[in-house]
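Commentary on secondary and tertiary structure
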Amino acid sequence: MKKISLLLFCFAFSFLTAQVNRIEPPNWWTGLKNEQLQLLVHHPTIGKAKVSIAYEGLSITKVHQAKSPNYLFIDLTISQATKPGKFNIVFEFEKGKKITHSYELKPKSKPSDEFLGFDSSDAIYLITPDRFANGNPSNDIVKSMKETSLDRTHDYKRHGGDIQGITNKIEYIKNLGFTAIWPTPVLTNDMKSGSYHGYAITDLYQVDPRFGTLTDYKQLAEKLNQNNMKLIMDQVANHCGSEHWWMNDLPFPDWVNYQELYEKEGKYITSNHRRTSNQDNYAAKIDKEQMTNGWFVETMPDLNQRNPFMAQYLIQNSIWWIETLHLGGIRQDTYPYPDKEFMSNWAGAIMTEYPNFSIVGEEWSYNPLLVGYWQRGATNKDGYESHLRSTMDFPMQSLIVKGIKEPETWDTGLVRVYEGLANDFYYPSPKDILIFPDNHDMDRIFTQMNENIVNTKMALATYLVLPRIPQLYYGTEILMQNTAKPNDHGLIRTDYPGGWENDKVNAFTGEGLTSDQKSMQAFLTKILNYRKNSKAIHEGKTIHFAPNKGVYVLVRMQKEEVVVLILNKNDSVTLQLSTYAELGLSTKKFRNVLTDEEFIWDKEIKLNKKGAYLFTTKLK
């Protein structure tokens, strides 16, 4: 009898203390400027429960039921006096049944104002984690997940790179001269195929176990911080993966766009990708709607940010990751695709909480008017304020490639770079815009340059000296290319040699690299490490001179530091320095950043070969 009573007691105790299936965010913090928190609760029939919390300084403002009986949304107010600690959320059902869930409010590790984002003093190294380095082979295959194949010979299957692989190579990345790392998403993509890239997220609070654990992610952030480097997180507010856990039990009829069509017929409408409709005074309503509401692709349902619970969920998710990882920035995918009023609120909420933080939004447009529209402080006719500090400079990326490759005529060649940079008058803050030679969705710069090494170096030097925040894709430093299959994403995201055990070539150590690859490594290392400490490049005044006979001169000046970039398309040319007299550089001593040779700025400079020349008044 005593045994039976004990068993009944143990059963009752376990039932009383059982956790609900899911509460998101899984924890929160005291001391945030915004005292409001909304919890998403998911558990069978949880919608029928009454909710209570007994914790000093914490109060329930409102409890919302969803259409699905398996959800509750709980509004909490956390006063500034609330102390960190754990407490129980009690869910009481009919007939006295209860479930309790332990929840924690953590102390903030530092004030919100001390979360510093990336800026023009940084150089960012973009990584596709699955293709960079395999630091932990034991997590290559997770049998419980939908995709379990691993095949390094296949462009679109998983190759095994992970977070630990990135952490192991921080010293290499730092020595190259980079100050920040941007990995493409490492959250769970439990999709049936093509899950390696990370943009079809199926759990916004979980690290994909094939990339590692949350502890691994935290350790990456911590080690970067120890090296005075920043971690930028790639986030996706526009869509999720079609295998996301909530797709089988959507809380509201409008949680995703075109939801009724999807639920009744298993169909969807894709976006028309007409991003100009965000600003177009003449755009038809149907075009605007299909741009914003359409699914990105079949496997990426479009989230409806006009649903206030979805909007709050996404804002809190971003803040949760900022606090959890001490992020140095966010890169927001497909920025013009979500509801643009939401995106203003999303960025505004983050920048209000963290005023010194940075967010860059992806606007894949070659029109600087469209790019500038999204930067905070823009004078937009419709009054739109994005609160977005940075956007991506696809216009200049393209013009630099064209300008260096094209023959020199009145309106082609280096004049493309000159006139493109002149568009900076439109941007509220040009130095906060992100510039790049390529990324994970574009042909690699060496391929864009038809594998011409001199032209590639000219382009890279330009990207790194402009009044911008530069980002380079992993492998640029060793001339990685995708020439065999242009525009092929799988080949663009090639494995980094040396990232896997027994690789014949190891770019991290230099073993097996060609002389050309070593030359490019040395070239970028020189410029990046100079750039790291160059106030003139970070925030200096910019002056450039109209191209003349295949020569373009760009100057950055800050107090006593002067940096001169010369792009020369000639085999040999002598520059008469009287042309640049307004700079006031006569008799100043300069050093060639790439060769360390010194000279006096006097009457002329002879350039003996085609290429990029970088001079500075900062002497060793």
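The model shown is predicted, which means the values in this text are computed figures rather than measured ones. (Residues numbered from 1 in each chain as written. Predicted model: local features only at pLDDT ≥ 70, side-chain atom pairs only at ≥ 80, totals over all residues. Heavy atoms only, no water.)

Some details on the overall build of the protein chain
The helix and strand tally for the protein chain stands at 16 helices and 26 strands. Computed over its C-alpha atoms, the radius of gyration of the protein chain comes to 27 Å, within 12% of the 25 Å expected for a compact globule of 620 residues. C-alpha atoms of the protein chain, sized along the principal axes, occupy 105 × 60 × 50 Å. Across the 620 residues in the protein chain, those meeting the buried criterion constitute 59%. Looking at the protein chain alone, contacts between residues at least 24 apart form 72% of all its contacts between residues at least 6 apart. (Helix = DSSP H or I, 4+ residues; strand = E, 2+ residues; numbered from the N terminus. Rg over C-alpha atoms; globule rule 2.2 N^0.38 Å. Buried < 20%, exposed > 50% of the residue type's maximum accessible area, 1.4 Å probe, protein only. Contact = heavy atoms within 4.5 Å.)

Examining the packing of helix α13 (residues 453-465) against helix α15 (residues 515-531)
Two elements in contact, α13 and α15, have axes whose closest approach is 11 Å; the angle formed by their N-to-C orientations is 15°. By the angle between their axes, α13 is roughly parallel relative to α15. Helix-helix and strand crossings are classified by hand; for α13 and α15 the assignment is right-handed. Packed against α13, whose contacting residues are Ile453, Thr456, Lys457, Leu460, Ala461 and Leu464, the element α15 presents Asp516, Ser519, Met520, Phe523, Leu524, Ile527, Leu528 and Arg531 at the interface. Its residues assigned to classes, the contact of α13 with α15 comprises 9 nonpolar, 2 polar and 3 charged. (Axes fitted to C-alpha atoms, helices over the stretch in contact; angles between N-to-C directions. Parallel < 35°, antiparallel > 145°, perpendicular 65-115°, else oblique. Left-handed = near helix turned anticlockwise from the far one by under 90°. Nonpolar A, V, L, I, M, F, W, Y, C, P; charged D, E, K, R; others polar.)

Section: the pattern of salt bridges
Pairing is possible between side chains that carry opposite charge, provided their charged atoms lie close to one another. What the rule picks out here adds up to 30 salt bridges. For the salt bridge of Asp203 with Arg22, the shortest nitrogen-to-oxygen distance reads 3.1 Å. Note that Asp203 is positioned in strand β12 (residues 203-207) and Arg22 in strand β1 (residues 22-24), a separation of 181 residues in sequence. Arg22 gets classed as partly exposed once you look at its relative accessible area, which sits at 22%. With a shortest N-O distance of 3.4 Å, Glu363 and Arg275 are connected by a salt bridge. In this pair, Glu363 is assigned in the loop between β15 (359-361) and α9 (368-373) and Arg275 in the loop between α5 (259-265) and α6 (285-293), connecting sequence segments 88 residues apart. Counted as one network, the salt bridges with shared partners bring together Asp234, Arg331, Asp333 and Glu362. (Salt bridge = Lys/Arg side-chain N within 4 Å of Asp/Glu carboxyl O.)

A look at the pairing of strand β7 (residues 85-92)
Both strand β4 (residues 50-53) and β7 contribute to a ladder of 4 bridges, which runs antiparallel. What sits directly across from Val51, in β7, is Phe91. Once β7 ends, the chain turns through 5 residues before running back antiparallel as strand β8 (residues 98-106), passing Lys95 with a positive phi of about 65°. (Pairing = 2+ DSSP bridges.)

Here's the deal with the nonpolar core
By size, the foremost hydrophobic cluster in this structure holds 159 residues, and its most contacted members are Phe91 and Trp246. Sort the elements by how many residues they give to this core and helix α7 (residues 308-325) lands first, with 11 residues. Ignoring any residue separated from it by four or fewer positions in sequence, one finds Trp246 in contact with Tyr71, Leu204, Cys240, Trp255, Leu303, Met310 and Tyr313. Listed in part, the 21 residues of the second largest apolar core include Ile543, Val551, Val553 and Leu583. (Core = buried A, V, L, I, M, F, W, Y, C linked by side-chain atoms within 4.5 Å.)

Concerning empty space enclosed by the protein
If you walk through the whole model with that rule in mind, you get 2 cavities of 30 Å³ or more. Considered as a void within the structure, the largest cavity measures approximately 80 Å³ in volume. Contributing to the lining of the largest cavity are Leu187, Ile201, Leu204, Asp234, Gln235, Val236, Ala237, Leu314, Asn317, Ser318, Gln332 and Trp346. Among the secondary structure elements, those contributing two or more residues to the lining of the largest cavity are β13 (230-235) and α7. (1 Å grid on protein atoms, 1.4 Å probe; cavity = no way out; pocket = protein on both sides within 12 Å on 5 of 7 lines; lining within 4 Å. Points joined across faces, edges and corners; volume = space filled by probe spheres on them.)

As for helix α8 (residues 340-353)
An ideal rise of 1.5 Å per residue puts 20 Å on 14 residues; α8 measures up with 20 Å between its terminal C-alpha atoms. Burial of α8 is extensive: 10 of the 14 residues sit out of reach of the surface. Buried within α8 we find Lys340, Phe342, Met343, Ser344, Trp346, Ala347, Gly348, Ile350, Met351 and Glu353. Of the residues that open α8, the one with a side-chain oxygen 3.3 Å from the backbone nitrogen of Glu341 is Asp339. (Expected span 1.5 Å × (residues − 1). Polar contact = N/O pair within 3.5 Å; in protein donor to acceptor, adjacent residues only side chain to side chain.)

Structural notes on the pairing of strand β25 (residues 604-607)
Burial along β25 is one-sided: the residues Ile605 and Leu607 are buried and none of Glu604 and Lys606 is. Pairing geometry for strand β22 (residues 573-576) and β25, over 4 bridges, is antiparallel. When the bridges of β25 are listed, Val573 appears paired with Leu607.

Considering the confidence of the model for the protein chain
Residues of the protein chain with pLDDT of at least 70 account for 97%, and the chain-wide mean is 96. Below a pLDDT of 50 lies the segment residues 1-16, which in the model reaches 6 contacts outside its immediate sequence neighbourhood of four places, other chains included. (pLDDT = per-residue confidence, 0-100.)

Some details on the packing of helix α10 (residues 394-405) against helix α11 (residues 415-422)
For any two helices packed against each other, the geometry comes down to the angle between their axes and how far apart the axes lie. Put simply, α10 and α11 touch, their axes get as near as 7 Å, and they point 160° apart. Considered as vectors, α10 and α11 are oriented roughly antiparallel to each other. Seen from above, α10 lies across α11 with left-handed handedness. Contact with α10, carried on its side by Met396, Leu399, Ile400 and Gly403, involves Arg416, Val417, Gly420 and Leu421 of α11 and no other residues of that element. Its residues placed into classes, the contact of α10 with α11 shows 5 nonpolar, 2 polar and 1 charged.

What to know about the packing of aromatic side chains
Scanning all chains against the criterion turns up 48 aromatic pairs. Taking the centre distance of 6.3 Å and the plane angle of 90° together, the rings of Tyr366 and Phe394 count as edge-to-face. Here Phe394 lies in helix α10 and Tyr366 lies in the loop between β15 and α9, a separation of 28 residues in the sequence. Of the residues examined, Tyr366 reaches a relative accessible area of 46% and is grouped as partly exposed. Between Phe590 and Phe599, the ring centres sit 5.8 Å apart and the planes meet at 20°, which makes this aromatic pair stacked. It is Arg22 that lies over the ring of Trp245; its NZ or CZ is 4.2 Å from the centre. The lysine or arginine in question, Lys340, covers the ring of Tyr384, its NZ or CZ lying 5.3 Å from the ring centre. (Phe/Tyr/Trp six-rings, centres within 6.5 Å; stacked < 30°, edge-to-face > 60°. Lys NZ or Arg CZ within 6 Å of the ring centre and 35° of its normal.)

Some words on the sheet that holds strand β23 (residues 589-592)
Across the sheet, which stays open at both edges, the 6 strands sit in the order β19-β20-β21-β26-β23-β24 with antiparallel pairing between neighbours. Every other strand in the sheet has two partners, leaving β19 (541-548) and β24 (598-600) as the edge strands with one partner each. For this sheet the average axis-to-axis angle between neighbouring strands, irrespective of direction, equals 20°. Here strand β21 (residues 561-568) runs beside strand β26 (residues 611-616); their pairing, made up of 6 bridges, is antiparallel. Within β26, the position partnered with Asn568 by the bridge is Gly611.

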